[in-house]
Amino acid sequence: MGHGRLLAISDLHIAYPENRAFLEGLRPESPDDWLLVAGDVAEKVEDITWALETLKDRFATVVWTPGNHELWTHRADPVQLRGEARYRHLVDICRGLGVLTPEDPYAVWEGPGGPAVVAPLFIGYDYTFRTETASTKEESLAQAEKAGVVCTDEFMLHPDPYPSRDAWCEARVTGTEARLRAVDPALPTVLVNHYPLVREPTRVLRYPEFAQWCGTVRTADWHVRFRAAAVVYGHLHIPRTTWYDGVRFEEVSVGYPREWSRDRHPSPRLHEIPVGAQERC
């Protein structure tokens with residue numbers, strides 16, 4: 001068994017010079033360290049490739065799952081692929097770099113606390129984290145627009161060939177659920193997704209209307225059903241540890257430079273993900 005650590009990070013957003021410099025400074029402590037990258041590396045394919053290649057050159061294993069920013073078709077990006085085609089293009093790049101993706105066989109962490117199956121998930125959102133007073137997606141979106149809270153995904157994240165982002169999410173839930181059911185039931189899992197698998201972490205959002213772009217109720221019991229030792233996610237830019245049903249949830253965002261100076265916002269760092277027997281703190 002190796003002596004490395006299972007580390008995680010998300011929301012690197014390296015289009016910001018400060019974030020790019022932060023990534024350039026990341027180093028493992030051991031040649032056996034793994035790094036889980038839970039999405040939102042960058043918007044341009046060139047930047048995503050540079051970042052993942054840099055990290056793969058340093059860490060023993062790098063596991064990536066996309067965030068919404070990687071899936072944007074940004075007008076400044078020479079790669080103008082949309083939706084599923086863009087995602088598959090990024091998967092192909094990762095495979096060329098030796099970076100694991102949600103389309104690859106799940107790796108098994110054999111380090112401290114292992115063995116555990118590390119499962120990168122690409123599960124989006126379906127607007128079911130809607131506002132408390134809305135009964136439909138349309139009503140919830142209308143309330144968000146009235147509040148001036150509209151995610152950029154509505155303009156830049158295209159679901160092609162699916163008719164909607166929620167339809168794409170449904171397809172990803174169905175396929176991923178089947179893969180997780182096939183995992184050896186004797187092994188715990190580490191579930192890695194850009195969005196939280198349960199709604200509870202979104203309750204602290206400054207703008208509650210934004211929660212509808214943060215996940216789906218269809219994954220609410222996955223941390224229990226699929227024996228999660230830990231769940232790793234980002235997207236909210238609220239790095240912290242929480243517990244649901246006795247399972248550790250780690251929000252591992254770097255976020256934007258303007259957020260680092262906020263009260264109680266921790267400095268960006270790599271997060272170690274404990275595996276095995278834990279005591280809730």
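This one's a predicted model, so the numbers in the text were calculated from it and none came from an experiment.

### Regarding the packing of aromatic side chains
So, point 1. Taken as a whole, this structure holds 12 aromatic pairs when the rule is applied.
So, point 2. With a centroid separation of 6.1 Å and 15 degrees between ring planes, the pair formed by Y162 and W168 is classed as stacked.
So, point 3. Residue class for W168 comes out buried when judged on its relative accessible area of 3%.
So, point 4. Taken together, Y125, Y127, Y195, F210 and W213 form an aromatic cluster joined through their ring pairs.
So, point 5. Here R179 stacks its cationic end above the ring of Y106, 4.0 Å away from the centre of that ring.

### Here we look at the environment of E70
So, point 1. With respect to the helices, strands and loops of the structure, E70 is situated in helix α3 (residues 68-71).
So, point 2. For E70, a relative accessible area of 0% puts it in the buried group.
So, point 3. Not counting residues within four places of it along the chain, the set of residues in contact with E70 comprises G39, D40, V41, A42, I48, W64, T65, R86 and L90.
So, point 4. At a separation of 2.8 Å, a polar atom in the side chain of E70 contacts the main-chain amide nitrogen of G67.

### Re helix α2 (residues 45-56)
Because the α-helix completes a turn every 3.6 residues, residues three or four places apart line up on one side.
So, point 1. With 12 residues, α2 ought to run about 16 Å at 1.5 Å a step, and its terminal C-alpha atoms sit 16 Å apart, in line with that.
So, point 2. Those residues of α2 lying buried are V45, D47, I48, A51, L52, T54 and L55.
So, point 3. For α2, the secondary structure elements touched by its buried residues are α1 (17-24), β2 (34-37), β3 (61-64), α3 and α4 (83-97).

### Considering the pairing of strand β1 (residues 6-9)
So, point 1. Across the two faces of β1 the burial is the same, with L6 and A8 and L7 and I9 all buried.
So, point 2. In terms of strand pairing, β1 meets β2 through four bridges, oriented parallel. When the sheet's bridge partners are listed, I9 is paired in β2 with V37.
So, point 3. For the handedness criterion, the β-α-β arrangement of β1, α1 and β2 is classed as right-handed.
So, point 4. Across two bridges, β1 lies against strand β10 (residues 271-272) in antiparallel orientation. Counted as the bridge partner of L7 is E272 from β10.

### Topic: unusual backbone geometry
So, point 1. In this structure, the amide linkage connecting G114 to the following residue, P115, adopts the cis form with an omega of 5 degrees.
So, point 2. Assignment of secondary structure puts P115 in the loop between β4 (107-109) and β5 (116-120).
So, point 3. Backbone geometry at R227 places phi at a positive 55 degrees, although glycine is not the residue there.
So, point 4. Here R227 is to be found in the loop between α8 (222-225) and β7 (228-233).
So, point 5. Its relative accessible area of 26% is what places R227 among the partly exposed residues.

### Considering the nonpolar core
Across soluble globular proteins, nonpolar side chains have a tendency to be buried as a group.
So, point 1. Of all hydrophobic cores here, the largest spans 40 residues; its most connected members are I9, L12, L35, V37, L55 and W64.
So, point 2. Going through the elements one at a time, β1, α1, β2, α2, β3 and α4 are the ones with two or more residues in this core.
So, point 3. When sequence neighbours within four positions are dropped, the list of residues in contact with L12 reads N19, F22, L23, V37, G39, D40, V41, L55 and V254.
So, point 4. Of all hydrophobic cores here, the second largest spans 26 residues; its members include C169, L197, V231 and L236.

### Points about the environment of P112
So, point 1. Tracing the backbone through its elements, the reader meets P112 in the loop between β4 and β5.
So, point 2. As a C-alpha pair, P112 and L26 span 86 residues in sequence and 21 Å in three-dimensional space.

What counts and what doesn't
Residues numbered from 1 in each chain as written. Predicted model: local features only at pLDDT ≥ 70, side-chain atom pairs only at ≥ 80, totals over all residues. Heavy atoms only, no water. Phe/Tyr/Trp six-rings, centres within 6.5 Å; stacked < 30°, edge-to-face > 60°. Buried < 20%, exposed > 50% of the residue type's maximum accessible area, 1.4 Å probe, protein only. Lys NZ or Arg CZ within 6 Å of the ring centre and 35° of its normal. Helix = DSSP H or I, 4+ residues; strand = E, 2+ residues; numbered from the N terminus. Contact = heavy atoms within 4.5 Å. Polar contact = N/O pair within 3.5 Å; in protein donor to acceptor, adjacent residues only side chain to side chain. Expected span 1.5 Å × (residues − 1). Pairing = 2+ DSSP bridges. Right-handed = clockwise from strand over helix to strand, strands pointing away. Core = buried A, V, L, I, M, F, W, Y, C linked by side-chain atoms within 4.5 Å.

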